[in-house]
Each structure stands twice: as C-alpha cells, then as structure tokens.
Amino acid sequence: MWRKINILILCVLFIFSNALFSQSKVDSLKSLLKVLPEDTNKANTYLNLHVALHLEDPALGYGYLEKAIELSSALDFKPGQLRSLLDLGIHLDMRGEYDSALSLYQKTQLIANELEDRNGIMESLSGLCDVLTSLQRLNEVDSVAYLGIEMAKKTPVDSVEIGGFYMMLANTAFYRSQYEKSIEFDLKSLSYYKNNFKEQAASLKNIGGTYETLKNHEKAIEYYLQGLEIANQSYDSLRLQAKFHLELGTSNMNLKEFKVARSYYEKAMIYFKKVDDKRLQSMVNSHLGKIHAEKNEHEQAIQKLKLALKQIEEIKAPSNKAYISYEIGQAYLKNGDYLSAEEYYKQSKSLFDQLENSIMNTAVLNRLSDVYAAMDDYKKAYNYLVQVQSLIDSMSLATTEKNITEIEEKYQNEQKQKEIELLNAENQIATLEIQKQEDFRNYLIVAAFLLVVLIGVIYNRYQLKARANAKLTELDHLKTNFFTNISHEFRTPLTLILSPLQKLLQKNTDSETKEVLSVIHRNATVLTELTNQLLDLSKLEAGELNLHVAKQDFKTFIKVLVASFESLAVAQKVEFLPEVGEAPEEAYFDEDKVQKILHNLLSNAFKFTSTEGKVILKVIHKGEQLLIAISDTGEGISPSDQELIFKRFHQNKANESNTAGTGVGLTLSKELAVLHKGDLEVDSEPGNGATFTFSFPIHKSAYTNEQITKEASETSLSIEYLKPIQTNQETTDSDALEKIVLIVEDNPDLRSHMQSLLKEYYQVMESINGKAGIEDALNLVPDVVVTDLMMPEVDGVELCNTLKANEKTSHIPIIMLTAKADRDTKLDGLKKGADDFLTKPFDNEELLIRIQNLITQREKLQTKYGKTLRLEPSKITIDSPEEVFIKKALEIVDRNLSNSEFTVEAFQKEIGMSRMQLHRKLKALTNFSASEFIKDIRLQRAADLLATNGINVAEVAYSCGFNGVSYFTQCFTEKYGTNPSKYIKKVS
C-alpha cells in the first residue's frame, strides 16, 4: 500500500518539475523569437515551441507548427520542412484526417529520400503504417512494415524503429483475428525496446489487448498495469497513459467492476478531449454505453452508443464502427426493440465480413438468431444458428488460446531449450560416430571386392563412352552454333523484305495484288517470330537463358494477361472463359518466362479453335505448386502426336493446314517450363479438344539465391520509385499542375493494372469506356490519353477522331492499345490522329517510356510556341490546330489590350472554354498560365510602343491595360531586366 503511495508522490513531483522546466523553456524560446530574423534558426525555434507545447496546450502548439511549416517552405529549408511535416502528420492522424495524413507522409518520404535522412524515412514509413492501420488497409500496412524492417537492417538506424514495424505487423495480425501471430510479433518488438520505456509500454498494452479479446481479463489487467507503470516513467507518454486507462476501464467493465471502470474511462476522456481525438472519444462513449446496458439502463445506453457512432462516422474507422453498431444492437435487443436491433446487427455483420473477423461474426449471428426467435420467426433463427455452427467448426478459440500460451512459454524458455537441444545433438553425434566407424569397415570390405571385379569392365567402357561423348558434344555445339548464327543472319533479309512490302501495301490499290502481298507479309512476320524463338532455344541449350525470379502479385499478372486476349476472342467469335479465383496474390516466379509460356499456349488455343468454340483458362493452387490449365474445343491431338508434340519442328498431322504452326513454340514452352522447375503436359482426345497444363513452384525455397534477383516491391511506397516527374508550380491559376494521364479501358483488371503502374509518376484518371473517355478528356484536358481500341459504345478510333477534332483537346497525344494491331486498323487509327500504338500484352517499361517520350515532345512544342510568342506574337503561320488556337488567343488579347478589366474570366468566356480547360491548354502549348499569357502579350506590346512611338511611360502603361505605372515598371523590369525609361534610351 505504502509502496503505491510513494510511487504516486514521485510521479506527481516528476510531472510538476517537468512542467516548471517546460514553462521556463517556452518563455526562453518566445523571447528568442522576438530577436531572430526570418531564417532557418527561427523556423527551428517555432518547431521547438510546438514540441514543448503539444502536450500541455495542443492548440497553441499547433499554431507554432503551422508557422514552422510556412517559414521552412518559404526558405526552402528541407530539414525544417521534414521535421514539421512529420509532426503535422501525427496531428492529422490523431484528428482522424487520414487521407490528408496519408498524402503528407508520402510527401515527407520524398523529402527524407532527397536529404538521405534515413531516420526521416523510417518515421515516414511508421506514420504511413499508423494511418493505413486506421483505414484498415491491412495488406498495405504489412507491405510498408516489411519494407521498413528490410531498410532498417541495411542502415544504421535506432533498433526502436525495427520494433515499431514489428508492432505494426502485430496490429494487422490482431485485426485479422490471428491472435497467436499477433502476440508473437509483439514479443519480438519488445526485444527491440530494451532501453525505451514508452515503446516497451506500448508492446505490453498490445499483448494485454489480445488477452482481453480472448476474454482472459485478469491476464490482460496484469499486462496493462505492468505497462502503465513503465509508461509513467516517460514524461512524453501522456497519450499512452490515457490509452492504458481506457483498456483498464474495459477489462474492469468485463469483470463487472463498473465503478472502477467508469473512473478509468473518465481519466482517459480528459486527455482525448484535449487533443480532439474523435476515434478514442467514441470508444470511451461506447464503453460507457455498455456499462449503462449492463445495469439495464437501456435508454442511457442507446444515447451514449449513438453519440459514439456519430463521432466515429466523422472519420474512417470501420473496425470501431462495426463494434459500436453491434453494441447498439445489444442495447435494443435488451430493450425489446427487435426491429432496431436487427438493423444494427446487420450493419455490424456487413463490416465484420469486410474485416474478416470470424469471432465477432459468430457473436453477431448468435444475436440475430435471438432476435428472430423473439419475433417468432423460428426458421430464420435456425438458419442463423446453422451459420454459427459452420463458423465454429472452422476455428477453435480454445486451441488458439492454448497456442498463444505455448508461444509465450517458448519465448521465455528459449535459451534453456537451446541448451537441451545442443546436449542431445552432441550425444547423437557421438553415437553416430561409433556407428559410422563400424559401417565404414563393412563398406570398405565390400567396395574392395567390387572394385577388383569391375575395374576391368569400367576401364573399357570408360574409353568407349568418352569417345562417344566427345563426338556428341561436338555435334551439339555445331547444331547450337548453326541455329544461333542462321537466326541472326535471318534478321537482316527479313527486315529488307518487310519494309518494302509495307510500302507496296500502302501504295497498291489493286485488290488481287494486295491480297498476294498480304500473304507474303503475314508469312514474313511469322518467320520473324520463328527466328526469335530459335534464338531463345539456342540460349537455352547454351545455358545462357537464366531465371530471374521475384515475389510478385500473380493474380494481377494473370488478370492482365487474360485481358489482353479478350479482344482477340471477340474478333474470332470464340468464347473465352478464364477462371482465376485461386490465383495467389503473392508468388515467386519469372514474369518473362511465364508470360512467354502462357502467351504461346493461349495463342495456339485460339488458333486451333473454330468460330463459336470455347477456350478455358483455369488457375489451380495446390500447396506450393501452381497449375494453369488451358483447354480448347478444337480438333484435338492423336495419341501418337501427343508423344511427339514437344519435339522440335513436329506438327500435328491432323492440323496440316494454313493454321498449322512451325513446331517451335511448344518446344520452347516445354523447355522454359522445365527451366522454371516445372513441367508442361498435354491431355487430349481426337475430336474433343486439348488441355495443356503448365505447373511450377511458387515458393521461395524452390529457387536458388542467384535465381531470386530481387524482392518485388512490398509496397507502392518503395524509396527508389517515389520520384514522380517534376512539374512547374503555378500559383495564380491552378494548383493541379501534375501531369495527368487518362486511361480509357473497359476491362477493370487491365485498367487497375495500368493505374497502379503509372500512379507513382503521374496523376492518373480512369474512364470505363470510350464515351466516358471523351467526356472526361474534355473536362480534365489531360497531358496524355491511353485508350483501348475495342470498347463498347465508342471505340478507340472514334474517341481519337473526336478528341483531335475538338479545339480543347486537339493537342493531347494519344496512345492506342490493341490485342491484335492489324495493319488496316493501325493505319486508320494513325490517320485519325493517334500518336502511338502498343500491342497487348505490353511491356510495362515500354508503356512508361512511350508516355514520357510524348510528354517530352509536348514540352519541346511549348518551347517552340514560347519563342514564337516572344519574337513575332502576331505573325503565326497557321499549319496545325495548335497554331489556330494560339492565333485565336492572341487576337482576343490584342482586341482587349487597353482594357485593364480584361481578366482570365473574361478571356475564358470569349474563347469558349472553362477556366481549367483554358489553363491546361495554354500550359500544354506555351508553358504559360492564362494570366501569364495575358501579361506577357501586354509587355511585348508595351516594348514595341516604347521602341517606336516615342510616347511616355505612363501612356504606354495605360494603353497596354496596366492600372498603374509602378506595377507596370515592376513587371517590365522583371521581363526585360531594365526599367522602361532605360529601355527607351537603350533602343533609341
């Protein structure tokens, strides 16, 4: 008893002394502010004031933080920007402004990367984990946490950072109801917090929370009190102490100690209101509502719980919303309002389904059964009980709790276990050594006998085999060199055949001649593909084709590959049925090799399937193996051909027609499958189609370290790729000046893939079809449009024609995607104004490079028109829609030159565009905003007048639309480097 009182007195004295010290420090910093100039020292002083005040007076502290951000930005003081923005991210996270906090942490990561500030990078990643956890984007949290752990291991950062990321992994495991895994990660994080009281306390709170979820309240309170005692030793852990009060309130409430629980809740609420933390205020109110419910005070319970629900709906916290909705349902059920109870239970069930929380789903289903039983609807009540039993069969809470206890004991006794295992190993080694000596004597006797008997035979056979092997090796090298050399030699004549053929096809109009030339062109293209396949085979034989395995999202990969064949299926009138539900999100594979195999198999399936037939692709996940079966309804393959189908240059005799292949593709696919530690098999009956099954391992252990060339990005927030293309900043007309890429694609998987590929470099917008794409392009005026060729309502060619014909969008470069870019379609698209074509499945890097090249070309166009405006603003030769627009804009500004009331609003109304459309059009063509464009033309006309008419400066200023001479002089000096008076003397 006296020990607790002494501890309490010491804590009070500690806090009091710190408060006095803090106040003295604040006064000193405020005095320092009065004498400091507007430099980096003042920015740091603002930041130090925020740190000193953020616990005692959050509102005042936030005011100093805003000043630190403003001054650091004005001075371009990157370290100051980094520290102040990181603190702002914490503030936004506490207020539940998660989207803003997420964007801010991405920005701080860029700044920290630029400064090579590893601690800043770690803090940015940690902040991202916190925000993503609040948004329940658990997979992304795992990705960022693992990225942080890997980076921390490679760089000299505080071990606390590593512990923090393990705690994030513990949180995501907890939200997935993986309680054993959660405690395992928390114990791991605890091992990194040996010298940090605050973080030790946080880990203990997490472990206590897990036990509380498992209804072991006494064990939970034990961990909470242990953590609170540690937290009290850290002066900056007020928030953590408040959270301990909240958790202790919950545990005591569950033990029916309502008075103690309410006391803890009231202590926690004081802090949460002070820092305006809506989420935790909501949690306290929900628990107070549960106390009212337990005491049968139903009206008060519902009132408190609905207040909690209102608070949590102001922020994005689906887990909290689910629990509160469940408790409101409980209160209504106890009050006999069954319809209201049903409504809130169903709302909570929907959210728990999304969160994959099996335990709470079981509770909700039980309560829904009670509701329907109370309403005499026994059929529905029974159905819900059946669902409960199904869930219970699929999990065992008791087993989970037992396993958690074993993990904790294993953690505590790990060293002893290692010593026991070492001793047993030494005993076993001694026993095996004795046995080995005895076995060796026996083997020696047998080996000596066999050696005497067989030595003569071995010697003779060795000589014969050596001569035969030498001859076979020589022949193999000759064959490989022949294929390699002849394949390389084919490329030059094939190029000289294809290029003239294309010219002849363009110029020749005779249908008969054109048909013959098309046959030649088609077969020359096939020969080119065969050449490429022969080169791959020669590399395989020479051992020069290696695996480059990485952990990647296989589900996205296969969906994108499938999407690239949908247009071909429509064109050939073949029903394409992909079944990719079992495709894993994470798998180790070589994307290039797997794509070649599947592309070859799908191409063959479509080639040998007649109109109205079917092609089926099915993904089957079996343990550490992945099977991909591709079936068609073609003529099938005879048993004799099946034995030879993977041999080089073998062709199915049943298919000796114009659809037959060269006999190389399946050979290459088979050998690539074997290279990938897998296999390719065929199953077919004549007349019933064929099924090719490609199987390969997707687990890391199946490949060597040399074959695993990289770890795929655990997150889109990888440091190396968080460098978007820089754009000039506009401060007068618009803040949205990032390069915009509009994706127009009707397939959602392919659209999502392109969006994830481009989002780190550009601002990406999406349209679901050609009609929507035209509307979005007119509204957004993007920098580049990437469109599919075949789409419902409006296809890619019509979209291209519409955008190129419209003055608002005529300048936008367009890339057209197609699964099968035949010559006529390609030419038609190019005639309608398409700037580039890309064939599906496309290479990711190639798409990025093509977009960047088109943007670079537009930037060169900006330079051209910028020079034109400076040198001869009213003498533009009209050769293109862009020059027509520039001419029109110049004429409008010239007409209103002397009108000082001519603003951007008047400009956009007269030219017939919205403010944003005009701004993006001018910016794309001249790199001027609308206001800069008007001012630049006014200044050029003023320079002409000063140089030729000899009128005074004031007259020139007013005649060119400036309201005052001083402002005119300032603008003129900025543009020409001298004031108007000196300019007159200079030109005269």
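Anything mentioned here points back to the structure above.
Participant: Before we go on, may I ask you to explain the environment of D590 in this structure?
Facilitator: Of note, D590 is situated in the loop between β3 (587-589) and α24 (591-607). Placed 39 residues apart in sequence, D590 and K551 show a C-alpha to C-alpha distance of 8.9 Å. When sequence neighbours within four positions are dropped, the list of residues in contact with D590 reads N546, L547, H548, V549 and H676. Polar contacts involving the side chain of D590 include one to the side chain of K593, which spans 3.0 Å.

Participant: Would you mind showing me how to read the sheet that holds strand β2 (residues 575-579) here?
Facilitator: The strands making up a sheet associate through hydrogen bonds between their backbones, and the pairing can be parallel or antiparallel. Read across the open sheet, the five strands follow the order β2-β4-β5-β7-β6; overall the sheet is mixed. Whereas interior strands pair on both sides, the edge strands pair on one side only; in this sheet they are β2 and β6 (679-684). Within the sheet, the average angular offset between the axes of one strand and its neighbour, ignoring direction, is 15°. As paired elements, β6 and strand β7 (residues 690-697) share six bridges and run antiparallel to each other. Each bridged residue has a counterpart across the sheet, and for D679 the counterpart in β7 is S695. Relative to β6, helix α26 (residues 665-675) is tilted by about 130°, and along the sheet it contacts β6 and β7.

Participant: Got a minute to help me understand helix α33 (residues 904-911) in this structure?
Facilitator: Structurally, the α-helix is built with 3.6 residues per turn, so residues lying three or four positions apart point the same way. Those residues of α33 not exposed but buried are V904, F907, Q908 and I911. Buried residues of α33, viewed axially, fall in a sector of 90°; they line one side. Contacts made by the buried residues of α33 are with α32 (881-895), α34 (915-926) and α35 (930-948). One or two steps after α33, the chain reaches G912, where phi turns positive at roughly 85°.

Participant: Sorry, what's going on with helix α13 (residues 258-274) here?
Facilitator: With 17 residues, α13 ought to run about 24 Å at 1.5 Å a step, and its terminal C-alpha atoms sit 24 Å apart, in line with that. Residues F258, A261, Y264, Y265, A268, M269, Y271 and F272 constitute the buried set of α13. Close packing links the buried residues of α13 with α4 (78-94), α11 (217-231), α12 (238-254) and α14 (278-294). D276 sits one or two residues past α13 and shows a positive phi near 55°.

Participant: Help me understand the packing of aromatic side chains in this model?
Facilitator: For any pair of aromatic rings, geometry is given as the distance between the ring centres together with the angle between the planes. Scanning all chains against the criterion turns up 26 aromatic pairs. Consider the rings of Y211 and Y223, whose centres lie 5.7 Å apart with planes at 15°: the pair is stacked. In this pair, Y211 is assigned in helix α10 (residues 197-213) and Y223 in helix α11, connecting sequence segments 12 residues apart. The buried category is assigned to Y223, whose relative accessible area is 9%. Plain terms: the ring middles of F554 and F589 are 5.1 Å apart, the flat faces sit at 80° to each other, and that makes the pair edge-to-face. You can see F554 sitting in helix α23 (residues 554-572) and its partner F589 sitting in strand β3, a full 35 residues away along the chain. The ring of F885 has K921 lying over it, and the distance from NZ or CZ to the ring centre is 5.3 Å.

Participant: Just to check I follow, could you spell out the nonpolar core for this structure?
Facilitator: Nonpolar side chains tend toward joint burial in soluble globular proteins. In this structure, L125 and Y345 are the most contacted members of the largest nonpolar core, which totals 81 residues. Here Y345 is in contact with Y326, G329, Q330, L333, V364, R367, L368 and V371, once residues within four sequence places are set aside. Within the second largest apolar cluster, 52 residues are counted, among which are A587, F589, F606 and F694.

Participant: Help me out: how do you make sense of the sheet that holds strand β8 (residues 740-744) in this one?
Facilitator: Ordered in space as β9-β8-β10-β11-β12, the five strands form an open sheet in which the pairing is parallel. Each of the sheet's edge strands pairs with one partner strand only, and the pair in question is β9 (763-767) and β12 (836-839). On average, each strand axis in the sheet is inclined to that of its neighbour by 20°, with strand direction left out of account. With five bridges joining them, β8 and β9 adopt parallel strand pairing. Bridged to I740 within β9 is Q763.

Participant: Where do I start with the pairing of strand β5 (residues 625-632) in this structure?
Facilitator: In the case of a regular strand, side chains alternate between the two sheet surfaces. Across the eight residues of β5, seven count as buried, placing the element largely inside the fold. When strand β4 (residues 614-622) meets β5, the two strands line up antiparallel, connected through eight bridges. Opposite K618, over in β5, you have A629 as the bridge partner. Connecting β4 to the next strand, β5, in antiparallel fashion are two residues, including G623 with a positive phi near 60°. Relative to β7, β5 runs antiparallel, the two being bridged by eight bridges. When the bridges of β7 are listed, Q625 appears paired with P697.

Participant: I tried to follow the packing of helix α28 (residues 770-780) against α34 on my own but got confused; where do I start?
Facilitator: Look at α28 against α34: their axes get within 8 Å of each other, and the N-to-C directions meet at 80°. The orientation of α28 relative to α34 falls into the category roughly perpendicular. Across the interface between the two elements, L778, N779 and L780 of α28 pack against M916, Q917 and R920 of α34. Taken together, the residues that form the contact of α28 with α34 break down as three nonpolar, two polar and one charged.

Participant: Honestly, the packing of helix α16 (residues 318-335) against helix α18 (residues 358-374) in this entry has me stumped. Any pointers?
Facilitator: Geometrically, a packed helix pair is captured by the angle between its two axes and the distance between the axes. Orientation of α16 relative to α18, taken along the N-to-C sense of each, is 25°, at an axis distance of 11 Å. With respect to α18, the axis of α16 lies roughly parallel. Along this stretch, α16 crosses α18, giving a crossing that reads as left-handed. Here Y323, Y326, Q330 and L333 of α16 lie close against α18, whose contacting residues are M360, A363, V364, R367, D370 and V371.

Participant: What is the right way to read unusual backbone geometry from this model?
Facilitator: Comment: phi is negative for the bulk of residues other than glycine, and the bulk of peptide bonds are trans. Backbone geometry at K215 places phi at a positive 65°, although glycine is not the residue there. You can see K215 is positioned in the loop between α10 and α11. Notably, E793 is not glycine yet its phi reads approximately 70°, a positive angle. Here E793 is to be found in the loop between β10 (784-788) and α29 (796-805). Using a relative accessible area of 60% as the deciding quantity, one classes E793 as exposed.

Participant: Looking at this structure, how should I read the pattern of salt bridges?
Facilitator: When the charged atoms of two side chains lie near each other, side chains of opposite charge can form a pair. Following the criterion strictly, the structure yields 26 salt bridges and no others. Close ionic contact of K78 with D76 constitutes a salt bridge, the shortest N to O distance being 3.5 Å. For K78, a relative accessible area of 22% puts it in the partly exposed group. A cluster of three or more residues bridged by salt bridges with shared partners is formed by D590, D592, K593 and K596.

Participant: Honestly, the pairing of β8 in this entry has me stumped. Any pointers?
Facilitator: Counting buried residues in β8 gives five out of five residues, a clear majority hidden from the surface. Going residue by residue along β8, you find I740, L742 and V744 tucked away on one face and V741 and I743 tucked away on the opposite face as well. Handedness of the crossover joining β8 and β9 through helix α27 (residues 748-758) is recorded here as right-handed.

Participant: Help me understand the side chain of S684, please; the structure alone is not making it clear to me.
Facilitator: Looking at the element boundaries, S684 is found in strand β6. Reaching out from S684, the side chain makes a polar contact with the backbone nitrogen of I637 at a distance of 2.8 Å. Within polar-contact distance, the side chain of S684 engages the backbone oxygen of G689 at 2.7 Å. Among residues more than four places away in sequence, those in contact with S684 are G636, I637, Q642, G689 and A690.

Basis of the calculations
- Residues numbered from 1 in each chain as written.
- Predicted model: local features only at pLDDT ≥ 70, side-chain atom pairs only at ≥ 80, totals over all residues.
- Heavy atoms only, no water.
- Helix = DSSP H or I, 4+ residues; strand = E, 2+ residues; numbered from the N terminus.
- Contact = heavy atoms within 4.5 Å.
- Polar contact = N/O pair within 3.5 Å; in protein donor to acceptor, adjacent residues only side chain to side chain.
- Pairing = 2+ DSSP bridges.
- Axes fitted to C-alpha atoms, helices over the stretch in contact; angles between N-to-C directions.
- Buried < 20%, exposed > 50% of the residue type's maximum accessible area, 1.4 Å probe, protein only.
- Arc of directions from axis to C-beta.
- Expected span 1.5 Å × (residues − 1).
- Phe/Tyr/Trp six-rings, centres within 6.5 Å; stacked < 30°, edge-to-face > 60°.
- Lys NZ or Arg CZ within 6 Å of the ring centre and 35° of its normal.
- Core = buried A, V, L, I, M, F, W, Y, C linked by side-chain atoms within 4.5 Å.
- Parallel < 35°, antiparallel > 145°, perpendicular 65-115°, else oblique.
- Nonpolar A, V, L, I, M, F, W, Y, C, P; charged D, E, K, R; others polar.
- Left-handed = near helix turned anticlockwise from the far one by under 90°.
- Salt bridge = Lys/Arg side-chain N within 4 Å of Asp/Glu carboxyl O.
- Right-handed = clockwise from strand over helix to strand, strands pointing away.

All quantities given are derived from atomic positions and should not be read as evidence of function.
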